[in-house]
Amino acid sequence: MKITYYGHSCFSLLVSGKNILFDPFIRGNELARDIDINNIEADYILVSHGHDDHTADLVYLASRTNAKIVCNWEIMLWLHTQGIKNVHPMNVGGKVAFDFGIVKMTIASHSSSMADGTYAGIAAGFLVQTENKLLYYSGDTGLNQDMKLIGEMYKPDIALLPIGDNFTMDAGDAAIAAGFVNCKHVIGLHYDSFGYIQINKKEAEKKFENAGIKLTLLNIGEEIAI
Ligand code: NI
Ligand code: MN
C-alpha cells in the first residue's frame, strides 16, 4: 500500500491499482500550493465529515474523476443537490466491501456541517482493511474511550490521527489514542494548515517517542510505502 500526503487531512491510498482519496482540501490550503489538484487521481473519495477543511474540493474532484464518494447519508443528500450522484452512503458501525478492501465507518468525537450550513450528519472515521494492511483514519476527533474498542477488535498497522490541537486531539492525546487503538505507527494530520492549529513538531515527536510509538510527519506531496 502506498500513501500520498496532500496536506492537512487529505491523503491518498494506492491499493490493488485503485486510488482512494480522503477528505479533499487542497486549493484552499496555502501549504499545499505546490500540489496540482488536476494531477490527483481518485477511484474512491472517502469523506469523514462535512467541514470545509475536509470537503472544499470534493465536488470539483468528484466531477472531474467520477470517483465513487463514500460518506454518510446526510452528505450524500447534499452531494445530490450539487449534481454528484456516484455516492455510496453508510453510517457509523457499518462496513462495506469494495474492490480494494473493506471499509468500516467508525465513531469520532467532533461536529459536522457543510460550509453552506447544511446538516452533515455526525463526524466519523474509517477502518480500511486491504489485502494485507489495516489502516485506521480517525477523522477529526478528540480522544475518546471508544477507540479502545478498535484496539480490542482490530490491530491497525497504521493510524492516521490529527495532532493539531484546538479542533482535535493534540500530539499527546493522539499518542494515547494510538495506544487505545493498539497501533505502533502513526501518521500525523490536521496541523499547521491555519492559525489555530500550528504546532511545535519537535514537541509532537517527543510525545510520541516517550509513548514508544513511531510518528511520521510527511511533507506535502510525499509518498510512503506501508
Ligand atoms: Ni472538522
Ligand atoms: Mn478539520
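Because the structure is predicted, anything quoted here is derived from the model rather than measured. (Residues numbered from 1 in each chain as written. Chains lettered and ligands numbered in written order. Predicted model: local features only at pLDDT ≥ 70, side-chain atom pairs only at ≥ 80, totals over all residues. Heavy atoms only, no water.)

Caption draft 1: Expanded view of the packing of helix H5 (residues 171-180) against helix H6 (residues 201-210). Where H5 meets H6, the axes come as close as 9 Å, and the angle between the chain directions of the two elements is 30°. Accordingly, the angle class assigned to the pair H5 and H6 is roughly parallel. As H5 packs across H6, the resulting crossing turns out to be right-handed. Across from Ala 171, Gly 172, Ala 174 and Ala 175 in H5, the residues of H6 making contact are Ala 204, Lys 207 and Phe 208. Residue classes in the contact of H5 with H6 are distributed as five nonpolar, one polar and one charged. (Axes fitted to C-alpha atoms, helices over the stretch in contact; angles between N-to-C directions. Helix = DSSP H or I, 4+ residues; strand = E, 2+ residues; numbered from the N terminus. Parallel < 35°, antiparallel > 145°, perpendicular 65-115°, else oblique. Left-handed = near helix turned anticlockwise from the far one by under 90°. Contact = heavy atoms within 4.5 Å. Nonpolar A, V, L, I, M, F, W, Y, C, P; charged D, E, K, R; others polar.)

Caption draft 2: Here's a closer look at the coordination of the nickel ion (ligand 1). Note on the nickel ion (ligand 1): its protein donors are His 49 (NE2), His 51 (ND1), His 110 (NE2) and Asp 140 (OD). The metal-donor distances range over 2.2 to 2.3 Å. One way to put it: the four donor atoms around the nickel ion (ligand 1) meet at angles of 88 to 177°, and that makes the site irregular. Counting residues between consecutive donors of the nickel ion (ligand 1) along the chain gives the motif H-x1-H-x58-H-x29-D. A spacing of 3.1 Å is found between the nickel ion (ligand 1) and the manganese ion (ligand 2), which share Asp 140 as a donor. Owing to a relative accessible area of 0%, His 49 belongs among the buried residues under this scheme. (Donors = N, O, S within 2.8 Å, 3.2 Å for Na, K, Ca; no water. Tetrahedral: all angles 85-135°; square planar, octahedral: opposite > 155°, others 65-115°. Buried < 20%, exposed > 50% of the residue type's maximum accessible area, 1.4 Å probe, protein only.)

Caption draft 3: Spatial organisation of the coordination of the manganese ion (ligand 2). Coordination of the manganese ion (ligand 2) by the protein involves Asp 53 (OD), His 54 (NE2), Asp 140 (OD) and His 190 (NE2), with metal-donor separations of 2.1 to 2.2 Å. For the manganese ion (ligand 2), the single-chain donor residues occur in sequence as D-H-x85-D-x49-H. For His 54, a relative accessible area of 0% corresponds to the buried category.

Caption draft 4: Expanded view of the pairing of strand S1 (residues 2-5). Relative to strand S2 (residues 11-15), S1 is paired through four bridges, and the arrangement is antiparallel. When the sheet's bridge partners are listed, Thr 4 is paired in S2 with Ser 12. Direction of pairing for S1 relative to strand S14 (residues 223-225): antiparallel, over a ladder of three bridges. Following the sheet pairing, Thr 4 is matched in S14 by Glu 223. (Pairing = 2+ DSSP bridges.)

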